[in-house]
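An overview of the molecular structure
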Amino acid sequence: MSIDRKTFLRITGCGLAAALAGSKIAGLIAEAQDELTTPDPAALKGRRWAMVIDTKKCLKDEGCDKCIQACHRVHNVPEIADARREVKWIWKEPFEHAFPAHDPEHLPEALAGRPVLVFCNHCDAPPCVRVCPTKATWKRASDGVVMMDWHRCIGCRYCVAACPYGSRSFNWSDPRPHLVQINGAYPTRTKGVVEKCTFCDERLARGQLPACVEACTEKALIFGDLADPGSEVRRLVRENFTLRRKPELGTAPQVFYLI
Amino acid sequence: MFMFEKAVVGGRRYWSWLGVLAAVIALGFASYLRQLDQGLAITGLSRDVTWGLYIAQFTFLVGVAASAVMVVLPYYLHNYKVFGKVTILGEFLAISAVTMCMLFILVDMGQPARVLNVILHPTPNSIMFWDMVSLSGYLVLNAVIALVTLTAERKGIAPPGWIKPVILISIPWAISIHTVTAFLYNGLPGRSFWLTALLAPRFLASAFSAGPALLILLCMILRRFTWFDVGREPIQKLALIVTYAMVVNVFFVLMELFTVFYSGIPEHQEHFKYLFVGLEGHGSLVPWMWTSVLLAVASLVLLLVPRFRHDEKILAVACVTVFLSLWIDKGIGLIVGGFVPSPLGAVTEYAPTLPEISIALGIWAVGFLMITVFYKITLSVREYLGA
Amino acid sequence: MRDRPWILLGLVAFLGLITFPIWYNQAAGTTSAAPELQKAVKGDTCIYPTDYMRASHMDVLMRWRDEVVRNDKRLVKIGDKTYNMSLTSTCMDCHTSKADFCDKCHNYAGVKPYCWDCHVDPALLKGGAGERAALRAPGGQHVD
């Protein structure tokens, strides 16, 4: 028996309170008294998660899409044929679309028109979070991840309008018919909500690196804690010249590109 | 309840008009049920153009709602008696317009059943939260004002004293609803088309032109089909307001064009290029935008020449041109133009689908139904008093 | 008092109408029989006593939902046991069949929770090639 008599009585008392005062109050009592929730002790801990993308390594094989496949499989991201209604968490954009401020006429050949990996920048000052009317998207205070709560999203698409990187996708219809296979350990989405990359919060919570990082055989994606002076991401941005997407907008993206 | 008994007495023409509106509403509602079932995929929206007809109609109608202040302010603040007969018409127009705004927001939601999350999890950093506050506040203010003043009028007594401060609050509140609506768009870092401090003033100028133009047309319709005549003077005063506001609006647009094209910043220019000459071979809005320009120029000629403006037949034409010009500008170009090109430079065209248009028409019909019923009540009260 | 028969008739009609669900269920034979739910496949006790779970499982799930998604807490300690706060793993480890456990009672009670619009019914994962077809519910509706 996991529940002793005292707990049992308390819970039955709660049931009575529920009948009398509404289940919400009872829930709060139960939560306060009986349920002790904790993070998984195995969880990765960071104060400011960030990503460095080594474009040289990434471009070794332009046709490679292991990271995209891994991410989209594990998160049940649908494959929608109509590009206008696509849902995507991580994908490739030509360099000059990802970095429109750079003169496309005089780019080095190694970059012009070459595909660059793009996904949510997990901005330090995310405009999507600023505009969300329900806190369905928010920046986690503990580690800076810009999260999504698909239970709460009302589908107003204000965040889509606010994101200067096109990182957010709306479910124009039920995504399930567009899933070739399903990962039962992760939810799908329903029609009418916005989704995006969450830096694999569900994997970080269990002590795993993001799926894209793990899938990259070139080790072109480096994930780590930017607030930790000894971290690999911190070393890379300290020792190399890196680009960020549209930093002039003041969003402070946390994805850095090694060129 | 609120003299609604007066709305169920009417002639054949009244009932056939209501019947037509009910049919349009039913069609829109059927389309909405389809949207509820299949999602917003039944619209012409896409990942690049995520807001379209619904949100654009919302934006335009916030302006119509706010424009009631153009009759309320002279009448109550300056005791301008000429507007005595039209003030309540303006307030009822505002109530109907705000209701349409709310419906347009609702049909744009991906998860309409969760819309109360905006209240359950209030988020003051979101302009949408403040838009909800200002719109619902404005609706309540106007409903109370209209109810109290019309009730007093029916009883032949002066309205209670406490209504005066409520009316005074409604004046800046009207300005606020359209300012906050502009803030929805012009606080977004990646959308250069809207990223201009002139947006709210421009919204107000176009609103104070299109709204009173509609009110003039409504007064003319009332005169033609009912016994009720507001008289020549209020219509002429309203026409003057339309004229000034339209001039200011066109001036603001020219300011915008100068800033964008003289500075030469591509990100800012591209949206205007898309709207007026097309971009990368895409230009489905070009004919619309030039129609809007031509109508605006025509309306200015008709309004600015006193001889034309004083002729009520020509004035009616001028009001239609003003209304159509601004409806195209705000109800189509302003929202879609902000999304093309996308922040990644993609040019994706948008055209509303039939179900989307039928939902929008359904909501407009709800608005016209409300206006009809409210005006019917008002006229019945006045007819009774006059008899 | 000439209206008396009409008033009585109206009252009878009104009573008939408001008690319609009772007549209807009597006639259709759908009444009162509580649904037989699938027994838990393992474990002798649920995380909480059955009565509490029966009445308030949705509150537990809502709390778990907020703890996991919004507070990044993944584990819950109830008494001396620790659980992973997960509908599809923890709950469905024992109550394996959505159709025979969740749906039966929800259908009986006439409630339509939207959990399964997103969370994956393990039954959908079986059957390889038929997977995709199974996901597509008729009439563009959700699988629920």
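Basis of the calculations
- Residues numbered from 1 in each chain as written.
- Chains lettered and ligands numbered in written order.
- Predicted model: local features only at pLDDT ≥ 70, side-chain atom pairs only at ≥ 80, totals over all residues.
- Heavy atoms only, no water.
- Contact = heavy atoms within 4.5 Å.
- Buried area = accessible area lost by both parts, 1.4 Å probe.
- Salt bridge = Lys/Arg side-chain N within 4 Å of Asp/Glu carboxyl O.
- Nonpolar A, V, L, I, M, F, W, Y, C, P; charged D, E, K, R; others polar.
- Pairing = 2+ DSSP bridges.
- Helix = DSSP H or I, 4+ residues; strand = E, 2+ residues; numbered from the N terminus.
- Axes fitted to C-alpha atoms, helices over the stretch in contact; angles between N-to-C directions.
- Buried < 20%, exposed > 50% of the residue type's maximum accessible area, 1.4 Å probe, protein only.

The next point concerns the interface of chain A and chain C. Counting residues at the interface gives 44 residues for chain A, matched by 41 residues for chain C. Summing both sides of the interface, chain A and chain C together bury roughly 3900 Å²; the carbon and sulfur share of this comes to 55%. Summed over the shared surface of chain A and chain C, the number is 4 salt bridges. Between A:D149 and C:R70 there is a salt bridge, with its nearest N and O atoms 2.8 Å apart. Looking at side-chain class alone, the side of chain A that touches chain C contains 19 nonpolar, 11 polar and 14 charged residues. Bridge analysis of strand β1 (residues 35-38) of chain A against strand β1 (residues 75-78) of chain C gives 4 bridges, and the strand direction is antiparallel. Within the sheet, the bridge partner assigned to A:T38 lies in β1(C) and is C:L75.

Taken in spatial order, the 3 strands of this open sheet run β1(A)-β1(C)-β2(C), and their pairing is antiparallel. What marks the edges here is a single partner per strand, and that holds for β1 of chain A together with β2 (81-84) of chain C. If you compare each strand with its neighbour and ignore which way they point, the axes differ by 25 degrees on average. For β1(C) and β2(C), the ladder comprises 4 bridges, and the chain directions are antiparallel. Paired with C:I78 across the two strands is C:K81, which belongs to β2(C). Against the sheet, helix α3 (residues 50-71) of chain C engages β1 of chain A together with β1 and β2 of chain C, with an angle of about 25 degrees to β1(A).

The linkage connecting B:V340 with the following residue, B:P341, adopts the cis geometry, with an omega of -5 degrees. Phi angles above zero are rare outside glycine, and A:K246 is one such case at about 45 degrees. By the element assignment, A:K246 lies in the loop between β10 (242-243) and β11 (255-258). Given the relative accessible area of 8%, A:K246 is considered buried. A positive phi angle, close to 55 degrees, is found at A:A252, a residue other than glycine. Along the chain, A:A252 falls in the loop between β10 and β11. What makes A:A252 partly exposed here is its relative accessible area of 24%.

Looking now at the environment of A:G224. All names here are of chain A. With respect to the helices, strands and loops of the structure, G224 is situated in strand β9 (residues 221-225). As a C-alpha pair, G224 and R189 span 35 residues in sequence and 28 Å in three-dimensional space. With sequence-adjacent residues up to four places away left out, G224 is seen in contact with R48, W49, A50 and V233.

Function cannot be read off these values alone, since they describe shape.
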